[in-house]
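Close look at the chain arrangement
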Protein chains: 2
Amino acid sequence: MSKLTHADVDARLAGLPGWTREGDAIHKQYTFAGFPEAVAFVSRLVPGVEAADHHPDLTINYRTVLVAYSTHSAGGLTEKDLAGARFVDEVHAGTA
Amino acid sequence: MSKLTHADVDARLAGLPGWTREGDAIHKQYTFAGFPEAVAFVSRLVPGVEAADHHPDLTINYRTVLVAYSTHSAGGLTEKDLAGARFVDEVHAGTA
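Residues numbered from 1 in each chain as written. Chains lettered and ligands numbered in written order. Predicted model: local features only at pLDDT ≥ 70, side-chain atom pairs only at ≥ 80, totals over all residues. Heavy atoms only, no water.

1. Some details on the layout of surface pockets
We count it as follows: A 1.4 Å probe that fits but cannot get out identifies a cavity on a 1 Å grid over protein atoms alone, an open set with protein on both sides within 12 Å along at least five of seven lines counts as a pocket, and a residue lines either if it has an atom within 4 Å of a point. Grid points are joined across faces, edges and corners, and a volume is the space filled by probe spheres set on the points. Just so you know the grouping, Ala, Val, Leu, Ile, Met, Phe, Trp, Tyr, Cys and Pro go in nonpolar, Asp, Glu, Lys and Arg go in charged, and all remaining residues, Gly too, go in polar.
Computed from the structure, the largest pocket encloses a volume of approximately 180 Å³. In terms of lining, the largest pocket is formed by A:Asp53, A:His54, A:His55, A:Pro56, A:Asp57, A:Ser70, A:Thr71, A:His72, A:Ser73, A:Lys80, B:Asn61 and B:Tyr62. Of the residues assigned to the lining of the largest pocket, the class counts are two nonpolar, seven polar and three charged.

Below is the structure:
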């Protein structure tokens with residue numbers, strides 16, 4: 001999978017509200033009613049993440065979940081990261 | 001809840017293998033067979049964490065989970081953090 005330029009990624013993120021790029025990673029923070037809801041959200045990501053075989057880094061702080069994607073094997077960002085971002089948004093919206 | 005000294009905490013952590021102190025937080029990394037198992041472990045923490053009303057910071061990177069405790073309201077480490085560390089070890093060992 002070929003690396004995207006930062007400019008490409010930034011342009012594409014315009015269509016993914018809340019996602020921002022920081023260096024070679026993209027991330028978004030989601031906020032829930034409480035800790036159980038935050039963990040339940042992470043659990044709902046598992047089947048799709050496993051199917052894509054592309055794993056986000058997930059940080060749970062009480063009722064927030066920070067999701068970060070990067071393609072370490074490519075040394076940057078790829079289409080797989082943008083697909084991951086869309087997938088996580090769909091799970092959050094209940095449409096995945 | 002009163003703050004413990006770093007020396008107190010370090011002495012107590014001798015009885016909790018794998019837990020280390022870094023500044024005003026303690027942390028331990030757990031490794032699992034894969035991402036689903038890592039997320040399942042985090043899910044198993046929810047009832048006890050909610051009952052204690054003391055939430056660890058949790059970072060899931062593929063098949064590892066980093067668990068960190070600190071008592072932000074006390075500006076340091078307290079008995080609640082040590083109790084949390086013991087609880088997470090017990091869940092990991094299947095004895096909680």
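After that view, the rundown keeps rolling.
2. Looking at unusual backbone geometry
Threshold: Secondary structure elements follow DSSP: runs of H or I no shorter than four residues count as helices, runs of E no shorter than two count as strands, and numbering proceeds from the N terminus. We call a residue buried when its accessible area falls under 20% of the maximum for its residue type, exposed when it is over 50%, and partly exposed in between, using a 1.4 Å probe and counting protein chains only.
Despite not being glycine, A:Asp53 shows a phi value in the positive range, around 50 degrees. Along the chain, the position of A:Asp53 falls in the loop between helix H2 (35–52) and strand S3 (57–61). A:Asp53 sits in the exposed class, given a relative accessible area of 56%. Of note, the phi angle at B:Tyr62 is positive, near 55 degrees, even though the residue is not glycine. Mapped onto the elements of the fold, B:Tyr62 is located in the loop between strand S3 (57–61) and strand S4 (64–69). A relative accessible area of 43% places B:Tyr62 in the partly exposed class.

3. Regarding the side chain of B:Ser70
Residues and elements named next belong to chain B. As a reminder, the rule being used: Here a polar contact is recorded for every N or O atom pair within 3.5 Å, except that within protein the pair must consist of a potential hydrogen donor and a potential acceptor, and residues adjacent in sequence are included only if both atoms are side-chain atoms. Residue contacts are counted whenever heavy atoms from the two residues lie within 4.5 Å of one another.
Note on placement: serine 70 falls in the loop between S4 and helix H3 (79–93). Take serine 70: its relative accessible area is 14%, and that puts it in the buried class. Only 2.6 Å separates the side chain of serine 70 from the backbone oxygen of aspartate 24, close enough to count as a polar contact. The contacts of serine 70, once residues within four sequence positions are left out, are Asp24, Ala25, His54, Gly76, Leu77 and Asp81.

4. A short note on the packing of H2(A) against helix H3 (residues 79–93) of chain A
Residue and element names in this part refer to chain A. Put simply, the rule is: For helices, the fitted axis covers only the stretch in contact; all axes are lines through C-alpha atoms, and the angles between them, taken along N-to-C directions, range from 0 to 180 degrees. Each angle gets one of four labels, with under 35 degrees taken as roughly parallel, over 145 as roughly antiparallel, 65 to 115 as roughly perpendicular, and the rest as oblique. Throughout, a crossing is termed right-handed when the near helix is turned clockwise from the far one, and left-handed when it is turned anticlockwise from it by less than a right angle.
At a closest axis distance of 10 Å, the pairing of H2 and H3 adopts a crossing angle of 130 degrees. Between H2 and H3, the crossing angle belongs to the class labelled oblique. Crossing hand, H2 versus H3: right-handed. Mapping the contact onto sequence places Phe41, Arg44, Leu45, Gly48 and Val49 in H2 and Phe87, Val88, Val91 and His92 in H3. A per-class count over the contact of H2 with H3 returns six nonpolar, two polar and one charged.

5. Brief notes about the interface of chain A and chain B
How large an interface is tends to be reported as the accessible area lost when its parts come together. The condition that has to hold: By definition, the buried area sums, over both parts, the 1.4 Å-probe accessible area that each loses when the two are put together. The term salt bridge refers to a side-chain nitrogen of Lys or Arg lying within 4 Å of a carboxyl oxygen of Asp or Glu.
Counting residues at the interface gives 16 residues for chain A and 16 residues for chain B. Across the interface of chain A and chain B, roughly 1,500 Å² is buried in total on both sides, 69% from carbon and sulfur atoms. Three residues, A:Phe35, A:Leu58 and A:Ile60, lead the burial of chain A against chain B; their summed loss comes to 33% of the area buried on that side. Where chain A meets chain B, there are zero salt bridges. Seen at the junction of chain A and chain B, the total is five residue pairs in polar contact (both at pLDDT 80 or more).

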